[in-house]
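# Analysis of the macromolecular model
Spelled out from the first residue to the last, the chains are:
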Amino acid sequence: MTQAPTAHSSVAPAPAGTVPLMNLKVKIMRFDPEKDKKGRWVDYSIQAAPNDRVVDVLNEIKWNLEPSLVFRRSCQHGICGSDAMLINGRNRLACKTLVRDVAKAGGTITIEPIRGLPVERDLLVNMEPFFDSYKAIMPYFIHEDPFPAKEMYQSEADAEKMAHSSNCILCACCTTSCPIFWVNGSYLGPAAIVQAHRFIFDTRDQATQQRLGIMNQNTGVWRCRTAYNCTEACPREIPITQLIEEVKRAVMFGQA
Ligand code: SF4
Ligand code: F3S
Ligand code: FES
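Attention in this report is confined to the structure presented alongside it. (Residues numbered from 1 in each chain as written. Chains lettered and ligands numbered in written order. Predicted model: local features only at pLDDT ≥ 70, side-chain atom pairs only at ≥ 80, totals over all residues. Heavy atoms only, no water.)

The next point concerns the packing of helix α7 (residues 208-216) against helix α9 (residues 240-253). The axes of two packed helices give the description: the angle between them and the distance between them. Contact geometry for α7 and α9: axes closest at 10 Å, N-to-C directions at 110 degrees. Accordingly, the angle class assigned to the pair α7 and α9 is roughly perpendicular. Mapping the contact onto sequence places Leu 212, Met 215 and Asn 216 in α7 and Val 247, Ala 250 and Val 251 in α9. Looking at the contact of α7 with α9 residue by residue, the class counts come to five nonpolar, one polar and no charged. (Axes fitted to C-alpha atoms, helices over the stretch in contact; angles between N-to-C directions. Helix = DSSP H or I, 4+ residues; strand = E, 2+ residues; numbered from the N terminus. Parallel < 35°, antiparallel > 145°, perpendicular 65-115°, else oblique. Contact = heavy atoms within 4.5 Å. Nonpolar A, V, L, I, M, F, W, Y, C, P; charged D, E, K, R; others polar.)

Another aspect to go through is the site of ligand 2. Ligand 2 sits among 13 residues. The nearest are Cys 178, Cys 224, Arg 225, Tyr 228 and Cys 230. Listed by contribution, the elements that provide at least two residues to the shell around ligand 2 are α8 (229-233) and α9. Its residues placed into classes, the shell around ligand 2 shows nine nonpolar, three polar and one charged. (Near = heavy atom within 4 Å.)

What follows deals with the environment of Tyr 187. Note that Tyr 187 resides in the loop between α5 (179-183) and α6 (190-200). Not counting residues up to four positions away in its chain, the partners in contact with Tyr 187 are Ser 133, Cys 178, Ile 180, Phe 181, Ile 193, Thr 219, Gly 220, Arg 223, Cys 224 and Ile 244.

Spatially, the five strands line up as an open sheet ordered β2-β1-β5-β3-β4, and their pairing is mixed. The open sheet has two free edges, formed respectively by β2 (40-48) and β4 (90-93), since each of these has just one partner strand. Here the average twist between neighbouring strands, direction ignored, is 35 degrees. Running over the sheet, helix α1 (residues 54-65) touches β1 (22-30), β2, β3 (84-87) and β5 (108-112) and is turned about 100 degrees from β2. (Pairing = 2+ DSSP bridges.)

Glancing now at the layout of surface pockets. Reported here for the largest pocket is a volume of approximately 200 Å³. Every residue lining the largest pocket is counted, 13 residues in all, and those nearest its centre are Arg 90, Arg 92, Lys 96, Thr 97 and Pro 235. Secondary-structure elements contributing two or more residues to the lining of the largest pocket are β4 and α8. When the residues that make up the lining of the largest pocket are grouped by side-chain class, the tally is five nonpolar, two polar and six charged. (1 Å grid on protein atoms, 1.4 Å probe; cavity = no way out; pocket = protein on both sides within 12 Å on 5 of 7 lines; lining within 4 Å. Points joined across faces, edges and corners; volume = space filled by probe spheres on them.)

Residues Leu 24, Ile 28, Leu 58, Ile 61, Ile 111 and Met 215 are the most contacted members of the largest nonpolar core, which totals 69 residues. Residues within four places of Leu 58 in sequence aside, it is in contact with Ile 28, Leu 69, Phe 71, Met 85, Ala 94, Ile 111 and Leu 123. (Core = buried A, V, L, I, M, F, W, Y, C linked by side-chain atoms within 4.5 Å. Buried < 20%, exposed > 50% of the residue type's maximum accessible area, 1.4 Å probe, protein only.)

Shown next as structure tokens:
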């Protein structure tokens, strides 16, 4: 069901001489588990500056038009990974997406919850299955031998091997854009594989064989069909598909 625009609002009044505000229609997929059997589109009319972020638009709607709107956000600076959502059909972080990049003046922005995880309310999904996969790869440093008296040396070249994977902020943009994950939730998914990569290619860690064993199970890397959606969705520009291929090679031939 599409509801008529409820009211007009603007993110912030533009002082004279600054960039004019744009009129926007924001279509949000809303879901109230106490009333709805499935999600329904609701439209909001709002004014925003081109450089406002989608999270600013959502905050404005929540604070001034629709206090019951539910969505996650925390740092609002691309660090915590909590505001992943489907914006104009693509997974993005609302706090890293500028209005000017997703809407023209008078245009529409569509916002839906990320796919493949149970929707609890509006844009809020249950992240437990995602974090269960994360926990399954043992996402912590394991070192059984006595630690050296001084620092545990890691060469620049060795640090480089895990440079991409250690940038992950666990936002779930990748896993919830993967068609294999949509049809088979038992697939650990690209985010968990990126996290496994981070430890498998950490030369100081001593649980490589255990993690490669987890990756070799039928829920692991072999489920990936190189769809590349994950790489395109990652807000940290991590070359996820390439890292998955590196893990596949490590499973077959051992860690390089
Ligand atoms: Fe998010 Fe990228 Fe990490 Fe996936 S790999 S969880 S998209 S930061
Ligand atoms: Fe899925 Fe990414 Fe592989 S989208 S199929 S995990 S390349
Ligand atoms: Fe923290 Fe967007 S709110 S990454």
